[in-house]
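Examining the three-dimensional arrangement
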Amino acid sequence: MRPIVVANRAPLVLEPADELLGRPERLVKGSGGLVTALSSLAAETDALWVAAARDEGDRNLAARGDPAHLRTADGTDYRVAFVQPGAEAYDLYYNVISNPLLWFIQHYLWDLAREPVVDASTRHAWRDGYVAVNRMFADRVIRETEASDRPPLVLIQDYQLYLVARMVRERVPEVKLQHFVHIPWPTPQYWKILPKPIRDEIVHGLLGNDIIGFQTSRDVRNFLLTCEENLGLGVDLRERTVYYQGRAVWVRHYPISIDIPSFAEQVVDPRVLDEERRIESWRPEKLILRVDRTDLSKNIVRGFLAYERMLETHTDLHRRVQFWAFLQPSRQDIGDYRSYLGSVLSVAARINRRFSAGGWTPIRVEVEENMHKAIAAYKCYDVLLVNPIYDGMNLVAKEGPLCNTRNGVLVLSENAGAHEEIGDFALTVNPFDVDETAEALLLGLVMDEPQKAARAEKMREVIRSNDVTRWIGNQLQDLRELIG
Ligand code: G6P
């Protein structure tokens, strides 16, 4: 079987040459949870990956063919078909509708007394951006399915592409379609931020699928309730099914995970070991770590405020601890994201001014995309802070504990999807409550060894037993069961 994976981002990016280091341009794996989870599936099944050409680098790759046959620097092959929306359409689709509008709704990030203001410009961005780009994706998928001798399996990903399934099914009714939503699905009421025609079009788009997958049981329930309350559709909450245009659409949750064997290799990669040696040369006795994209949903500022509270009351920890925020730049074309990164940096600087002494800097912020360094950091932390406001799953909460060698403690938001699986072995926090988070950070730093070891071992067991192959396997099994 050769599936078609449909996602906004291609699995790899063209990294420009670095003249300073004398390194030529090269293809490296893209970032974000979605790419992390799906690239091994795409490589193993020789899937066609349909993606948008997001920038000059992608357009260069698109020029290599349709599909382009691409090989990463470490030797993995991909076939990628790029759709190439015009700059304005892409901007409306990505920077206005997908981010921030849908992303903020699905992570409950709007400051509703003030934002968003929905008006003609929103409707314009919806039609000429989101709908138009979804149409381009659908057309490329239709072309592929029509050229294929068997009805192919189409695996659509995430909130940028809600309309694709319905568009494809209208043209190729026998196609098998599955859509996986990587981010939370909020309550029916919260969707009412959007005008009815837009929010209903999203749900109708998704119901073009045979199966709709989410990260957690909470998302499944919210989706079923949205169908029932906002659209008056017939749903069966126990069977997790929506009855729609003579079809039964299954709604299921499949907690996404990571590629365990690949991490086992990466933790001993010489480049990771190099980074680890570098960390050992500067790290203090105790290291608190966070690894995140610079996204508002990740709650980076409150993490610093919690740490500040801890330093206020525990002067004995001064000079012995450091909070390392290893951050990947994200969505910097969007004003809210730029100003958020500004707040992250200025709050860290303020806390550093307040407490720095004798060569000790309480917070170390690095904004850099470097997976080897991230893995080295995972190996060395004593406490890993994962405190998102809301998060679909959060793969850092799985990658960190899997790689860590010090039985480090995970401080985990109750609103991260990962909490449903590993919350019992972490220290749970309400992400808004900085006092509670401060206490959890402290508890993580002083927890006795046997307790740390027991928690870390159980957490690793759960993470290992739900490898990413199981995530995809369970989806394929359900597809076979539903449609034979
Ligand atoms: C999350 C989303 C993905 C997205 C990724 C990176 O993991 O679920 O759909 O690709 O973030 O964000 P970006 O906007 O840079 O692709």
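Our structure's up above, just so we're on the same page.
Our subject in this report is the structure included herewith. Keep in mind the model is a prediction, meaning the values are calculated, not measured. (Residues numbered from 1 in each chain as written. Predicted model: local features only at pLDDT ≥ 70, side-chain atom pairs only at ≥ 80, totals over all residues. Heavy atoms only, no water.)

This paragraph deals with the pairing of strand S15 (residues 363-367). Bridge count between strand S14 (residues 321-328) and S15: five bridges; the pairing is parallel. Looking at S15, one finds that Leu-327 is bridged to Val-367. After leaving S14, the chain enters helix H12 (residues 335-355) and then returns to the sheet as S15, a path that is right-handed. (Pairing = 2+ DSSP bridges. Helix = DSSP H or I, 4+ residues; strand = E, 2+ residues; numbered from the N terminus. Right-handed = clockwise from strand over helix to strand, strands pointing away.)

With that settled, the discussion passes to the sheet that holds strand S18 (residues 427-429). In space, the six strands of this open sheet follow the order S15-S14-S13-S16-S17-S18, with parallel pairing throughout. In the strand order of this sheet, the two ends are held by S15 and S18, each with one partner. Averaged over all adjacent pairs, the angle separating strand axes in this sheet is 20°, with direction ignored. Along the sheet, helix H16 (residues 434-446) contacts strand S13 (286-293), S14, strand S16 (383-386), strand S17 (409-413) and S18; its crossing angle with S18, the most-contacted strand, is approximately 170°. (Axes fitted to C-alpha atoms, helices over the stretch in contact; angles between N-to-C directions. Contact = heavy atoms within 4.5 Å.)

Another point: the packing of helix H4 (residues 120-147) against helix H7 (residues 196-206). At their nearest, the axes of H4 and H7 sit 12 Å apart, and the two run at 10° to each other. Relative to H7, the element H4 lies roughly parallel. Contacts between H4 and H7 pair Trp-126, Arg-127 and Val-131 from the former with Ile-198, Glu-201 and Ile-202 from the latter. Its residues assigned to classes, the contact of H4 with H7 comprises four nonpolar, no polar and two charged. (Parallel < 35°, antiparallel > 145°, perpendicular 65-115°, else oblique. Nonpolar A, V, L, I, M, F, W, Y, C, P; charged D, E, K, R; others polar.)

This brings us to a negative patch on the surface. Taken together, Glu-88, Asp-91, Asp-128 and Asp-333 make up a surface patch of like negative charges. In this fold, Asp-128 is placed in helix H4. The class for Asp-128 is partly exposed, based on a relative accessible area of 41%. (Patch = residues over 30% accessible without salt bridge, like charges linked within 9 Å, V, L, I, M, F, W, Y side chains within 5 Å. Areas by Shrake-Rupley, 256 points an atom, 1.4 Å probe, with all protein chains shown as cover. Salt bridge = Lys/Arg side-chain N within 4 Å of Asp/Glu carboxyl O. Lys, Arg positive; Asp, Glu negative; His and termini not counted. Charge placed at Lys NZ, Arg CZ, Asp CG, Glu CD. Buried < 20%, exposed > 50% of the residue type's maximum accessible area, 1.4 Å probe, protein only.)

Counted by the stated rule, this structure contains 38 salt bridges. Residue Asp-210 pairs with Arg-169 through a salt bridge whose shortest N-O separation is 3.0 Å. Of the two residues, Asp-210 is situated in the loop between H7 and strand S9 (211-214) and Arg-169 in helix H5 (residues 164-171); the sequence distance between them amounts to 41 residues. Classification of Asp-210 by relative accessible area gives buried; the value is 7%. Among the salt bridges present, the one from Arg-283 reaches Asp-382, with a minimum N-O distance of 2.9 Å. Taken as a pair, Arg-283 in the loop between helix H10 (270-282) and S13 and Asp-382 in the loop between helix H13 (371-380) and S16 lie far apart in primary sequence, 99 residues in all. Exposure remark for Arg-283: the relative accessible area of 12% places this residue in the buried category.

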